[in-house]
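Residue-level listing of the chains:
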Amino acid sequence: MTVLVTGGAGFIGSNFIFYWMERHPEDRIVCLDKLTYAGNLFTLESVMEKPGFRFVKGDVCDRDTVCELFRTEQPEYVLHFAAESHVDRSIDGPDVFLRTNLFGTAVLLDACREFGVGRYHQVSTDEVYGDLPLDRPDLFFTEDTPLHTSSPYSASKAAADLLVQSYVRTYGIPATISRCSNNYGPYQFPEKFIPLMIINALNDKLLPVYGDGLNVRDWLYVEDHCRAIEMILRNGRVGEVYNVGGHNEKQNLDVVKLILAGLDKPEGLIQYVADRKGHDRRYAIDPEKIHRELGWLPETKFEDGMKRTVLWYLDHQGWWRDIVSGEYKEYYARVYGEV
Ligand code: NAD
Ligand code: TYD
């Protein structure tokens, strides 16, 4: 069976490729990735030469490339991870988010329509639900929570989800959608909260905490997300949305303190900086549906996952030092100024 993975040179897509190839060595994996700033071929180094793996550099928005790939590879499963994924960048410039996240999804769905597919899976986010107040710990996102987006990133993801649902209904595309909470783990791009804090702490640089640091995210180890996606692919019901998250809510400040303690660095490195525009207060997933229907539960405890993640960044300094010494420097200066 051939599995097409878009965005496989990024954080979650690459982890998914490793996850799948380890468990299903008989399958062929084709990865389509544009290699934007967030895509990194070094991440895929260990699988590049494997006979069951093919990497194609290309844009999901390019109909010719996508159609040619479907024609030649005839994928049974299509997993759509490729996206512009960073909220701060979407605030800086929404255009590319709309193009990649919405139009790219449309191109893939059209290819599924033209060539047929066993299952199309849309990797979405809990951010499509907007946020929850800090003083209502009893509230969680369910699959019935109305879409209520805050950033151009989340708006583009919500628009893509609606498009997927329209293709299920109108054209009978066998698609499913997962809406996952914040992931962490190996190969996450240094602009994201957890790697950024680990890398700055390792470099004895200040750790820029937005606003009061009390915002809450529901963290999930990336491998648990990969397993959820496999369960949805195998047994999820077509047309359905599945929320993925493990009741692991943490305040940003507590995560930063955990990282500093793990690296034996002083809390004096914490620096409060201007808040993100439209900053979502709290994300919290109710994973009851995926648990009840598919038996999914997270397996990695936050403390263990964080230890593994910190160790990974310690052991793979070449991977991230290459990134942070390149164009990322300009991005960092633009967003964080002197920090
Ligand atoms: P990432 O930014 O690390 O990787 C994105 C990948 O997509 C990169 O390899 C990039 O080169 C590729 N890409 C971007 N534009 C492309 C295009 N036009 N054509 C082909 N490839 C393109 O992102 P991530 O954190 O791995 O997220 C993957 C998916 O999971 C995204 O759809 C995101 O919305 C979703 N998601 C992420 C999280 C999280 O915490 N990171 C949580 C829930 C959902
Ligand atoms: P991020 O990794 O960008 O994910 P999200 O899509 O959930 O915003 O950020 C996670 C949280 O960390 C979010 O509340 C914003 C905060 N944050 C900081 O405080 N400082 C930073 O430098 C970054 C990148 C994020």
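Above: the structure in question.
Residues numbered from 1 in each chain as written. Chains lettered and ligands numbered in written order. Predicted model: local features only at pLDDT ≥ 70, side-chain atom pairs only at ≥ 80, totals over all residues. Heavy atoms only, no water.

Read from one edge of the open sheet, seven strands run β3-β2-β1-β4-β5-β6-β11, paired in parallel fashion. The sheet is open, and its two edges are formed by β3 (53-57) and β11 (241-244), each paired on a single side. For this sheet the average axis-to-axis angle between neighbouring strands, irrespective of direction, equals 20°. As judged from the four bridges shared by strand β1 (residues 2-6) and strand β4 (residues 77-80), these two strands associate in the parallel manner. Bridge pairing in β4 places T6 opposite H80. This element, helix α6 (residues 152-171), spans β5 (119-125), β6 (175-180) and β11 of the sheet and lies at about 155° to β5. Sitting on the sheet, helix α8 (residues 222-235) is in contact with β4, β5, β6 and β11, with an inclination near 145° to β5. (Pairing = 2+ DSSP bridges. Helix = DSSP H or I, 4+ residues; strand = E, 2+ residues; numbered from the N terminus. Axes fitted to C-alpha atoms, helices over the stretch in contact; angles between N-to-C directions. Contact = heavy atoms within 4.5 Å.)

With that settled, consider the site of ligand 2. Residues in close proximity to ligand 2 total 19 residues, the closest being E127, R217, R276, H279 and Y336. Measuring from an oxygen atom of ligand 2, one finds a backbone N or O atom of F193 at 3.0 Å. The set of elements that each furnish at least two residues to the shell around ligand 2 consists of α7 (193-202) and β8 (207-210). Grouping the constituent residues of the shell around ligand 2 by class yields nine nonpolar, five polar and five charged. (Near = heavy atom within 4 Å. Polar contact = N/O pair within 3.5 Å; in protein donor to acceptor, adjacent residues only side chain to side chain. Nonpolar A, V, L, I, M, F, W, Y, C, P; charged D, E, K, R; others polar.)

This next bit is on the pattern of salt bridges. In total, this model carries 24 salt bridges according to the counting rule given. Among the ionic pairs, R89 bridges to E191, the shortest N-O distance being 2.6 Å. Here the residue R89 occupies a position in helix α4 (residues 87-92), and E191 occupies one in the loop between β7 (183-184) and α7, the gap between them amounting to 102 residues. Among the residues examined, R89 registers a relative accessible area of 17% and is labelled buried. (Salt bridge = Lys/Arg side-chain N within 4 Å of Asp/Glu carboxyl O. Buried < 20%, exposed > 50% of the residue type's maximum accessible area, 1.4 Å probe, protein only.)

A few words on the pairing of β4. Every other side chain in a regular strand lies on the same face of the sheet, so the side chains alternate between the two faces. Burial along β4 is two-sided: Y77 and L79 facing one way and V78 and H80 facing the other are all buried. Bridge count for β4 against β5 is four bridges, and the pairing is parallel. Across the sheet, residue V78 finds its bridge partner in β5, namely Y120.

This paragraph deals with the site of ligand 1. The environment of ligand 1 is formed by 28 residues, the closest being I12, D33, S85, Y153 and K157. Contacts to ligand 1 include G39, whose backbone N or O atom sits 3.5 Å from an oxygen atom. A distance of 2.6 Å separates an oxygen atom of ligand 1 from a polar side-chain atom of Y153. Protein coverage of the free-state accessible area of ligand 1, which is 840 Å², stands at 97%. Secondary structure elements with two or more residues in the shell around ligand 1: α1 (11-23), β5 and α6. The greatest single-element share of the shell around ligand 1, amounting to three residues, is contributed by β5. Partitioning the shell around ligand 1 into residue classes produces 12 nonpolar, 12 polar and four charged. (Areas by Shrake-Rupley, 256 points an atom, 1.4 Å probe, with all protein chains shown as cover.)

One finds I17, L44, F53 and L79 to be the most contacted residues of the largest nonpolar core, which totals 63 residues. Filtering out sequence-adjacent residues up to four positions away, L79 remains in contact with V3, L4, V5, T6, F16, H121, I229 and L233. With 32 residues, the next largest nonpolar core counts L132, F141, V164 and I173 among its residues. (Core = buried A, V, L, I, M, F, W, Y, C linked by side-chain atoms within 4.5 Å.)

Moving on, we get to α6. Given a rise of 1.5 Å per residue, 20 residues ought to cover 28 Å, and the 28 Å separating the end C-alpha atoms of α6 matches this to within 8%. Of all the residues in α6, the buried ones are Y153, S154, S156, K157, A158, A160, D161, V164, Y167 and V168. Where α6 is buried, its residues meet α4, α5 (95-115), β5 and β6. Remark: G172 follows α6 within two positions and exhibits a positive phi of approximately 70°. (Expected span 1.5 Å × (residues − 1).)

Summarising burial for β5: seven of the seven residues are buried, a large majority. Side chains R119, H121, V123 and T125 project from β5 onto one buried face, and the interleaved Y120, Q122 and S124 project onto a second face that is buried too. The parallel pair β5 and β6, bridged by α6, forms a crossover whose chirality is right-handed. (Right-handed = clockwise from strand over helix to strand, strands pointing away.)

Turning our attention to helix α11 (residues 302-315). For α11, spanning 14 residues, the distance from its first C-alpha to its last is 20 Å, which sits close to the expected 20 Å at 1.5 Å a residue. Every buried residue belonging to α11 is among F302, G305, M306, T309, V310, W312 and Y313, and all of these are buried. The buried side chains of α11 occupy one side of the element, clustering within an arc of 155° when seen end-on. Away from its buried face by more than 90 degrees, α11 exposes K307 and D315. Buried-residue contacts for α11 involve β7, α7, β10 (220-221), β12 (249-251), α9 (252-262) and α12 (317-324). (Arc of directions from axis to C-beta.)

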